[in-house]
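Each chain, letter by letter, is given below.
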Amino acid sequence: MELIRISALSDNYIWLLRDNAHTCIIVDPGVSEPVLNTLRERGLIPSAILLTHHHADHTGGTAEIVSHYPGLPVYGPAETQPKGANHCVQDNDTITCGGLTFQVMAVPGHTLGHVAYYCEPYLFCGDTLFSGGCGRIFEGTPAQMFRSVSRLAALPDETLVCCAHEYTQSNLAFARAVWPENRDIQAYQQYIAELRQNHEATLPVTLKTERKINVFLNCDNIDLQHNLSVSKHTATAEETFTSLRAKKDQF
C-alpha cells in the first residue's frame, strides 16, 4: 500500500490509498482537479471514493471525478447521498475496494452521520479526530463526540491518523494554553513549528503520539482537570472533554 496526501482548498487534505496494483481509493475529495491530476501523473485508476460526512469541503469534487470514471462506487453514510454517495454504509460494515478492505466506524458528533474508515494501519477519520485536537460539534452532542473520539483512540498504537485538515499547529497552541506544564506537548509544539516553517505537512500521525500530545485523549488526567477547574474528585472524562471542547470553541 502507498498513502498519497493531496493538499486542497486552504487547509484540507484529500487522501489516496493505493493498493499493490494500479488502483487506489479516494477519501473526501473536496475538489476534483488536484485528484484528477494526481491520478494522471501516477497512472492510477480509482476503485472507489469514500466519504466521511456531507460537508462540501469533503464532497465537492465527487461528481466531477465520477464523470471521468463512470460507474465508480462512492461509499458514504446516508447524509452523503445528496452529495454523490451511491453505496450507503453503516457502523461495522466491511467494504472491499480493489485490494483494500475497510471497517466502517460510526463517529457522530461533528455531523450526526459521520463515519471513519479503518484499513490497518490507516484511519481516515474526516473531521472527528485531528492531530492535537478534535472536530467542532455542529450537529451532535459533546457526549457523542466524546464517545466517537474515544472509540478511535482505542485503535492500536501504530494506527496512522489521516484526518482531513492541517490544524495541528493551532491545536497545539490550545493544548499548551490549557496544559502548559506538559513537556510532551511543549516538545511536540516546537517540532511541529519547525515542520510548518519548512512548509511540511504534520500528517499522518500515529495514535501513540496523539495519546501523548492530544488533550482530548487525556480527559481522565487529574492535572488537566485541575487546570480546567474541573473538580478532581467528581469530574468524569466526559465532563472534562465537554469543558475542553467549549474552551477550544472560544480559543
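For the structure given in this document, a descriptive report is provided here. (Residues numbered from 1 in each chain as written. Predicted model: local features only at pLDDT ≥ 70, side-chain atom pairs only at ≥ 80, totals over all residues. Heavy atoms only, no water.)

## Section: the overall build of the chain
Reasoning step 1: Of the regular secondary structure elements, the chain holds 9 helices and 14 strands.
Reasoning step 2: Here the chain has a C-alpha radius of gyration of 18 Å; the compact-globule value for 251 residues is 18 Å, and the two agree.
Reasoning step 3: The dimensions of the chain, computed from C-alpha atoms along their principal axes, are 60 × 40 × 30 Å.
Reasoning step 4: Within the chain, buried positions represent 52% of all 251 residues.
Reasoning step 5: As presented, the chain carries roughly 10,900 Å² of accessible surface, and 48% of it is formed by carbon and sulfur atoms. (Helix = DSSP H or I, 4+ residues; strand = E, 2+ residues; numbered from the N terminus. Rg over C-alpha atoms; globule rule 2.2 N^0.38 Å. Buried < 20%, exposed > 50% of the residue type's maximum accessible area, 1.4 Å probe, protein only. Areas by Shrake-Rupley, 256 points an atom, 1.4 Å probe, with all protein chains shown as cover.)

## Looking at empty space enclosed by the protein
Reasoning step 1: By the definition in use, this model includes 1 cavity of 30 Å³ or more.
Reasoning step 2: Taken as a whole, the largest cavity holds about 30 Å³ of empty space.
Reasoning step 3: Together, Tyr-13, Trp-15, Val-27, Asp-28, Thr-52, Phe-124, Cys-125, Gly-126, Cys-162, Cys-163 and Ala-164 line the largest cavity.
Reasoning step 4: Contributions of two or more residues to the lining of the largest cavity are made by strand 2 (12–18), strand 10 (122–126) and strand 13 (160–163).
Reasoning step 5: A per-element tally of the lining of the largest cavity places strand 10 first, with 3 residues.
Reasoning step 6: Across the lining of the largest cavity, the residue classes break down as 8 nonpolar, 2 polar and 1 charged. (1 Å grid on protein atoms, 1.4 Å probe; cavity = no way out; pocket = protein on both sides within 12 Å on 5 of 7 lines; lining within 4 Å. Points joined across faces, edges and corners; volume = space filled by probe spheres on them. Nonpolar A, V, L, I, M, F, W, Y, C, P; charged D, E, K, R; others polar.)

## Looking at the state of the cysteines
Reasoning step 1: Applying the stated criterion across every chain, the model contains 0 disulfides.
Reasoning step 2: Of the cysteine sulfurs around Cys-134, a residue in no disulfide, the closest is that of Cys-219, at 8.3 Å. (Disulfide = S-S within 2.5 Å.)

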